Amino acid sequence: MIMEFFEYSGPLHAHKAMLFAAGLGTRLKPFTDQHPKALALVNGKSLLQRNLDYLYRFGIRNVVINTFHFADQIEEAVADYGHKELQISISHEPDGPYETGGGLVFAADHFRDEQHPFVVMNVDILTELELNAMMDFHMKVRPMVTLAVSKRESSRQFLFDDHMKLVGWKNNKTGETRWSSSEIKDIKPFSFSGIHIIEPALFNFMPISGKFSITDTYINGASQMDIVGYDHTGEIMIDVGKLDAIEE
């Protein structure tokens, strides 16, 4: 059962966030033949509304949403959104989608000059991750990126060393494994929860444009910068990318 999210419980060290909402949502067909996945309803509220509410409750007051697939519907939903004190900007990808890495770079002007880390989140997840606790962890460790991860089954997983530093990635269906440098035997596989906390300096390690996955940036750059996992195993995290997940 999806619970209503708890109230904002303290100051967050970030004020901006980005929601990835440009994808085609092919796993949610036939709904996404006529709508963006961000507007799929769960208990009467769209994924977009639920995640804007989630970010707002943790002190986020400025959100950038990237769009491509049925972008006009997302813009209409944003215009009707209730929290008027939440500033929402649209980063429309005209010939997109640019994938996660390309989408973030395309929206970089919203974040590049920030003095604080910012939050990036997939629009098609629902979670009770305590974002303020994750941010406290990030501010204490101060890596370039903190990734929310948990122990659960998934087709693809990030691989970490004993210090929860990212060292690789694995496709569990095909067996493909990518390492940031050399292969490491004693690794900890974790499934990604679709939430990142990112320092603006990450843009220095990314291409200036193009269509690419942010996973490529992380794996290619993990030997040059600290990318760490934040284990929130036990907290609810549902990837609402498929119809059966909406029922869940």
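A. Structural view of the overall build of the chain. Within the chain, the regular secondary structure consists of six helices and 14 strands. Relative to the globule expectation of 18 Å for 248 residues, the C-alpha radius of gyration of the chain, 17 Å, shows essentially globular dimensions. With the C-alpha coordinates aligned to their principal axes, the bounding extent of the chain is approximately 50 × 40 × 35 Å. Looking at the chain residue by residue over its 248 residues, the buried ones come to 53%. Once local pairs closer than 6 in sequence are excluded, the contacts in the chain between residues at least 24 apart make up 77%. About 11600 Å² of surface is accessible on the chain, with carbon and sulfur atoms providing 48% of the total. Looking at charge distribution, the chain has the averaged site of its 23 positive side-chain charges lying 3 Å from that of its 34 negative ones.

B. Just the packing of aromatic side chains, in detail. Scanning the entire structure with this criterion turns up eight aromatic pairs. Centroid distance Phe137 to Tyr230: 5.3 Å. Interplanar angle 50 degrees. Geometry classified as tilted. Here the residue Phe137 occupies a position in helix H4 (residues 131-141), and Tyr230 occupies one in strand S13 (residues 227-231), the gap between them amounting to 93 residues. Judged by its relative accessible area of 16%, Tyr230 falls in the buried class. Taking 5.6 Å as the distance between ring centres and 70 degrees as the angle between the ring planes, the aromatic pair formed by Phe158 and Phe192 counts as edge-to-face.

C. Representation of the environment of Arg57 within the structure. Position of Arg57 among the secondary structure elements: in helix H1 (residues 47-57). Using a relative accessible area of 19% as the deciding quantity, one classes Arg57 as buried. Separated by 74 residues in sequence, Arg57 and Leu131 place their C-alpha atoms 9.6 Å apart.

D. Structural view of the pairing of S13. In terms of residue burial, S13 counts as a mostly covered element, since four of its five residues are buried. Alignment of strand S8 (residues 145-150) against S13, held across five bridges, turns out to be parallel. Opposite Thr146, over in S13, you have Val228 as the bridge partner.

E. Expanded view of the pattern of salt bridges. A complete count under the given rule lists eight salt bridges for this structure. Of the charged contacts in the structure, one is a salt bridge between Arg142 and Glu199, with a shortest N-O distance of 2.6 Å. In this pair, Arg142 is assigned in the loop between H4 and S8 and Glu199 in the loop between strand S12 (188-198) and helix H5 (214-221), connecting sequence segments 57 residues apart. Since its relative accessible area comes to 39%, Arg142 is described here as partly exposed. Take Glu199: its relative accessible area is 11%, and that puts it in the buried class.

F. Region of interest: the environment of Lys185. Summarising the element assignment, Lys185 is placed in the loop between strand S11 (177-179) and S12. With a relative accessible area of 78%, Lys185 lands in the exposed category.

What counts and how
- Residues numbered from 1 in each chain as written.
- Predicted model: local features only at pLDDT ≥ 70, side-chain atom pairs only at ≥ 80, totals over all residues.
- Heavy atoms only, no water.
- Helix = DSSP H or I, 4+ residues; strand = E, 2+ residues; numbered from the N terminus.
- Rg over C-alpha atoms; globule rule 2.2 N^0.38 Å.
- Buried < 20%, exposed > 50% of the residue type's maximum accessible area, 1.4 Å probe, protein only.
- Contact = heavy atoms within 4.5 Å.
- Areas by Shrake-Rupley, 256 points an atom, 1.4 Å probe, with all protein chains shown as cover.
- Lys, Arg positive; Asp, Glu negative; His and termini not counted.
- Charge placed at Lys NZ, Arg CZ, Asp CG, Glu CD.
- Phe/Tyr/Trp six-rings, centres within 6.5 Å; stacked < 30°, edge-to-face > 60°.
- Pairing = 2+ DSSP bridges.
- Salt bridge = Lys/Arg side-chain N within 4 Å of Asp/Glu carboxyl O.

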